[in-house]
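Each chain, letter by letter, is given below.
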Amino acid sequence: MRLFVTGGAGYIGSHAVRRFREAGHEPWVYDNLSTGHRGAVADFPLFVGDLGDEQTLTSALSSTQFDAVVHFAGAALVAESIREPLHYFAQNTSRGVTLLTAMHRQGINRLVMSSTCTVYGQPPGDMVREDSPLAPINPYARSKLALEWCVADCAAAFGLGAVVLRYFNAAGAHQRGDLGEDHTPETHLIPNALRVALGQEQCVHVCGTDYPTPDGTCLRDYVHVEDLAEAHLLALEQIVPGRSVACNLGSGSPHSVQEVIEQCRRVTGISIPAQLSPRRPGDAASLFADTRRARELLGWEPRYSSLDNIVASAWAWHSRHPAGYGEPQHSPITFP
Ligand SMILES: NC(=O)c1ccc[n+]([C@@H]2O[C@H](COP(=O)([O-])OP(=O)(O)OC[C@H]3O[C@@H](n4cnc5c(N)ncnc54)[C@H](O)[C@@H]3O)[C@@H](O)[C@H]2O)c1
């Protein structure tokens, strides 16, 4: 398939793009490089453009015959979304609608889309299924869920076929050691702990130590970025016109914040001081995936998602690339 991959220069997108090519597909990347990196997709066709720029998007989408769209592009910082909700609805919802409109005009009706476990909010139980209540508690999650609903409505109205993938905590790096996570600011636990090990930060922050969990810190489900890439490949084969189906992607095994930091200490052999601080608003105590649907529908089986492998692969990337892709940082987004 010839694939139009939005956000393909980002962390998860770049791993997926590589996997698509390995499987014999032809991925073309569309990315504004706001948080992505040219170096992550150096061997792939890249359109540099913003999804909000209808003209550039339409000319890219119509430049050749695409069989499907894989949509990773978006803004994904929860705290920023609370301060800047309009930016999040513009980035994740409106620009998603612009993409769907352009796809519809071009007659492209196959979509795989990134969504997030945050659409479930703070569920009463801790293991969530796709039919668990959707109760997002921050603008980031609501902006993603709004696009999920739009996709489902398009499936009903004009036959769009979509697989919506709700990731839990993406982590790790490519086994070859040349693709990995490079975000500024970095908000994810594992890269932040590893930056302390590299001497780039003083300590890692543990937000909340009084949760009703065995060690008092939050429990989360970490899934290896290469397992996510594989799920996108499998999802492309399961698109059915007129159907939009959501699948959780997680390892199904929860790990506490303390446990993850301990694993980072073991893998690096460095002490990694932690600073304990109060809970952050909006963090659920425990959230992990029931992944039966992804296994049954997609035939997906996570291979790389043990905590040991996640941290070891992330450390291989960060220790060999302490400055990430080494590209100049983009100016921070300014809001009107
Ligand atoms: N990383 C996670 O743990 C996680 C968890 C759940 C869901 N997600 C979702 O997965 C997707 C990818 O996440 P990631 O961690 O790879 O993020 P990322 O920031 O590394 O990648 C996003 C990519 O999209 C591009 N982009 C952003 N806005 C754009 C726009 N308007 N037009 C064109 N390109 C644009 C960026 O330059 C970047 O390359 C996002 O949609 C995110 O919400 C991520």
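Quick summary incoming for the structure in this document. Quick caveat, the model's predicted, so the values are computed rather than measured.

**Points about unusual backbone geometry**
- With an omega of 0 degrees, the peptide bond running from T184 to P185 counts as cis.
- The phi dihedral of L33 is positive, around 60 degrees, even though this residue is not glycine.
- Tracing the backbone shows L33 in the loop between β2 (26-31) and β3 (46-48).
- Although it is not a glycine, I272 sits at a positive phi angle of roughly 50 degrees.
- Here I272 is to be found in the loop between α8 (257-268) and β13 (274-277).

**Structural notes on the environment of E181**
- Structurally, the position occupied by E181 is in the loop between β8 (169-171) and α6 (189-197).
- Residue E181 is classed as buried on the basis of its relative accessible area of 5%.
- Excluding its chain neighbours within four sequence positions, the residues that come into contact with E181 are Y11, E186, H188, P191, W317 and H318.

**Thoughts on the environment of L86**
- Locating L86 in the fold gives a position in helix α4 (residues 85-106).
- By relative accessible area, L86 is classed as exposed at 73%.
- Along the chain, L86 and S143 lie 57 residues apart, while their C-alpha atoms are 9.4 Å from each other.

**Observations concerning the nonpolar core**
- Core analysis: the largest hydrophobic core is formed by 35 residues, its most contacted members being I12, F20, L165, L236 and L249.
- Going through the elements one at a time, β1 (2-6), α1 (11-22), β4 (68-71), β7 (161-167), α7 (225-236), β11 (244-249) and α9 (292-298) are the ones with two or more residues in this core.
- Not counting chain neighbours up to four residues away, the residues in contact with I12 comprise F72, Y167, A170, V225 and L228.
- With 24 residues, the next largest nonpolar core counts F4, A73, I108 and L147 among its residues.

**Points about α8**
- Between its terminal C-alpha atoms α8 stretches 17 Å, which fits the 16 Å expected from 12 residues at 1.5 Å a residue.
- Within α8 the residues assigned to the buried category are V257, V260, I261, Q263, C264 and T268. Along the long axis of α8, the arc covered by the buried residues comes to 155 degrees, so they all point the same way.
- Packing partners of the buried residues in α8 comprise α6, β9 (204-207), β10 (219-224), β12 (254-256) and α10 (307-320).
- G269 occupies a position one or two residues after α8 and carries a positive phi of about 70 degrees.

**Focus: the site of the ligand**
- What surrounds the ligand is a group of 30 residues, the closest being D31, T35, Y140, K144 and H183.
- Backbone polar atom of G10 to an oxygen atom of the ligand: 3.0 Å apart, as the coordinates give it.
- Between the ligand and H183 there is a distance of 2.7 Å, counted from an oxygen atom to a side-chain nitrogen or oxygen.
- Among the secondary structure elements, those contributing two or more residues to the shell around the ligand are α1, α4, β5 (110-116) and α5 (139-158).
- For the shell around the ligand, the element with the most residues is β5, which contributes three residues.

**Observations concerning the side chain of E186**
- Of note, E186 is situated in the loop between β8 and α6.
- Although E186 is buried, it forms no salt bridge, and the closest oppositely charged side chain is R195 at an N-O distance of 5.0 Å.
- A distance of 3.5 Å separates a polar atom in the side chain of E186 from a polar atom in the side chain of H183.
- With residues up to four places along the chain from it excluded, the contact list for E186 reads E181, P191, N192 and R195.

**Here we look at the pairing of β4**
- Residues A68 and V70 point to one face of β4 and V69 and H71 to the other, with burial holding for every one of them.
- Two elements, β1 and β4, share four bridges in a ladder whose sense is parallel. For F4, the partnering residue across the bridge sits in β4 and is V69.

The rules behind each value
Residues numbered from 1 in each chain as written. Predicted model: local features only at pLDDT ≥ 70, side-chain atom pairs only at ≥ 80, totals over all residues. Heavy atoms only, no water. Helix = DSSP H or I, 4+ residues; strand = E, 2+ residues; numbered from the N terminus. Buried < 20%, exposed > 50% of the residue type's maximum accessible area, 1.4 Å probe, protein only. Contact = heavy atoms within 4.5 Å. Core = buried A, V, L, I, M, F, W, Y, C linked by side-chain atoms within 4.5 Å. Expected span 1.5 Å × (residues − 1). Arc of directions from axis to C-beta. Near = heavy atom within 4 Å. Polar contact = N/O pair within 3.5 Å; in protein donor to acceptor, adjacent residues only side chain to side chain. Lys, Arg positive; Asp, Glu negative; His and termini not counted. Salt bridge = Lys/Arg side-chain N within 4 Å of Asp/Glu carboxyl O. Pairing = 2+ DSSP bridges.

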